[in-house]
Amino acid sequence: MATALGKGSVVAVIGSGAMGAGIAQVVAAAGYEVKLFDTRPEAVQKAILDIGKVYAKLVEKGRMGGADAQAANARLHCVADLHEVAGCALVIEAIVENLDVKRMLFADLENVVADDCILATNTSSISVTAIGAKLRRPERLVGMHFFNPVPLMALVEVISGLATSPVVAGTVFATAAAWGKNPVHAKSTPGFIVNRVARPFYAEALRLLSEQAADPATLDAVLREAGGFRMGPFELMDLIGHDVNFSVTQSVFNAYFGDPRFMPSVLQQEMVNAGFLGRKSGRGFYQYGDEAVKAAASLEAPQPKPEAVGVSIEPGVKNAVTEPVEQRLRAAGFSVAHRKPLPGAGQHEAPGFHCNGAAVFLTDGRTATERANANNHPDTVLYDLQFDPAGATRIALARSDQCSDAAYGAVVGLFQAAGLHVTRLDDVPGMAVMRTVAMLANEAADAVNQGVCSAAAVDIAMQKGVNYPRGPLAWADSVGIAHVVTVLSNLAATYGEERYRVSPLLRRKLANGTRFHG
Ligand code: NAI
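Residues numbered from 1 in each chain as written. Predicted model: local features only at pLDDT ≥ 70, side-chain atom pairs only at ≥ 80, totals over all residues. Heavy atoms only, no water.

Further remarks concern the pairing of strand E5 (residues 118–121). Residues Ile-118 and Ala-120 of E5 are buried on one face, and the alternating residues Leu-119 and Thr-121, pointing to the opposite face, are buried as well. When strand E4 (residues 90–93) meets E5, the two strands line up parallel, connected through four bridges. Residue Glu-93 lies in a different strand from E5, and its bridge partner there is Thr-121. As for the winding sense of the linkage, the β-α-β connection from E4 through helix H4 (residues 99–110) to E5 is right-handed. (Buried < 20%, exposed > 50% of the residue type's maximum accessible area, 1.4 Å probe, protein only. Helix = DSSP H or I, 4+ residues; strand = E, 2+ residues; numbered from the N terminus. Pairing = 2+ DSSP bridges. Right-handed = clockwise from strand over helix to strand, strands pointing away.)

Below is the structure:
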């Protein structure tokens, strides 16, 4: 295993913008000397000043010792000429996102640094292979992809281009870990891990909105309060900026030669066309500013508590999907009676609940209407996936077009009595959380299948890079790979689109009966 660069090593950071300054802050605090360079010397001065202020704040809050802050500050050096990085063991580039400019910088650096100096690029979208291609020693060029804001986000994607030496990638990995970061290895492929695997989080939400499943505030609330995501997709896109988010999607879509998996959204393009870029323009999916009224998620009106609920399931058989929901209903005082599923009898499709004549199932990627029809049971209601059924505060339901108000009302009352906010989505296939999680898992599985990264790496990356409550593959394990494959297959059948094709690795896991983790 490669070892980290020692504390005696000097690290150069080229580019003192948002990313370069964040990297310098972390590296100096970890005990390494840092040389900062920027074509705009005033940017370096500002970065060093700002970092000093951050250290001072940390001291104030008791999160950094006064002497440590002083020492870290003293380790930050402004460099006026690129030649001054000559003795560095590692140079991290965080300049403008342009292949030619980055290539030019690394060509200059090769003429300055020693043969064993590692060259790292913080690019988020350019091929590391391409950046290194013109170097005399392309094997020493590696991607070191930090996340914004660098001091707060633990993830570093260590990206190997086709020519990158495994020793170089290993050293950078160990060094990032020594800086307190959570590194993962990845191959240089469009979007690397996070910017690729996260695409469905935005794409499925935009799709749901364009199909009128619900409004942005309602979908955000479902993803947050049922799905366990820290932010809903619409508020997150508003924060990132639709111009930025749309351009990342476009760049990944183009880099994969138009793979429909990554197809950008016409709806988001219109947001960009309108200049509704999100927080920074005062308007995105939400309004911002002093006068803005916060849009509220829709809620079903209170319904009476039904008496009892049944579960169609083989008595004694534990079911990972229904059991936590059943436990929540029991905790709310419902007597839950198990009964054997009856083959062919729609209301007893297993696993499922039944309540005042309504059949209640977890979404499997078909609409409630389709399922009601297939089971010849009009009163069918579906519920969406929850991250943690015991602690969730919201559940999303979809009712079949044939479902009676009385049957639907009973199901609403059932979940309300269990302390949940109940939100209705229109009867869209796969609902919101299930569809998002299935597509995230599908993309994660494809990344693993294509050797971009390991299953452990993709799950760490999505938790540490974009704060997902659980890695997508661990999530697939917990929902059950069979169910994820069913959801995706049903979506593929409904839409007839390549977008929902099932990853070969999910199919293989299903066939050999293994899980991603343990
Ligand atoms: P920025 O625009 O805040 O800073 C870039 C800095 O580089 C500027 O101060 C500029 O004067 C300097 N610069 C430009 N050309 C230079 C050159 N040839 N030599 C020396 N300095 C030069 O940009 P930001 O956001 O810090 O991004 C930098 C890099 O990090 C880009 O490659 C970007 O794709 C990547 N990145 C950005 C993330 C973000 O969220 N902003 C996240 C992850 C990666």
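Now that the structure is up, let's keep going.
Quick look at a positive patch on the surface now. Taken together, the side chains of Lys-53, Lys-57, Lys-61 and Arg-63 define a basic patch exposed on the protein surface. Relative to the elements of secondary structure, Arg-63 occurs in the loop between helix H2 (41–60) and helix H3 (66–74). On the basis of relative accessibility, which here comes to 60%, the residue Arg-63 falls in the exposed class. (Patch = residues over 30% accessible without salt bridge, like charges linked within 9 Å, V, L, I, M, F, W, Y side chains within 5 Å. Areas by Shrake-Rupley, 256 points an atom, 1.4 Å probe, with all protein chains shown as cover. Salt bridge = Lys/Arg side-chain N within 4 Å of Asp/Glu carboxyl O. Lys, Arg positive; Asp, Glu negative; His and termini not counted. Charge placed at Lys NZ, Arg CZ, Asp CG, Glu CD.)

This part is about the domain arrangement of the protein chain. The domains assigned to the protein chain are domain 1 (10–188), domain 2 (205–281) and domain 3 (309–424). The straight-line distance from the C-alpha centre of domain 2 to that of domain 3 is 30 Å. Counting from both sides, the interface comprises seven residues of domain 2 and, opposite them, eleven residues of domain 3. When domain 2 packs against domain 3, the two sides together hide about 640 Å² of surface, and 57% of this comes from carbon and sulfur. One can count one salt bridge joining domain 2 with domain 3. Residue Arg-394 is joined to Glu-225 by a salt bridge in which the shortest nitrogen-to-oxygen separation is 2.7 Å. (Domains from an automatic or database assignment. Contact = heavy atoms within 4.5 Å. Buried area = accessible area lost by both parts, 1.4 Å probe.)

What follows concerns H4. The terminal C-alpha atoms of H4 lie 16 Å apart, and with twelve residues this matches the ideal 16 Å at 1.5 Å per residue to within 8%. Those residues of H4 that sit buried are Lys-102, Leu-105, Phe-106, Leu-109 and Glu-110. Within H4, the buried residues cover an arc of 140 degrees as seen down the axis, which keeps them to one side. H4 presents Asp-100 and Met-104 as exposed residues on the side facing more than 90 degrees away from its buried surface. As for H4, its buried residues are in contact with strand E1 (10–14), E4, E5, helix H5 (128–132) and strand E6 (141–146). (Expected span 1.5 Å × (residues − 1). Arc of directions from axis to C-beta.)

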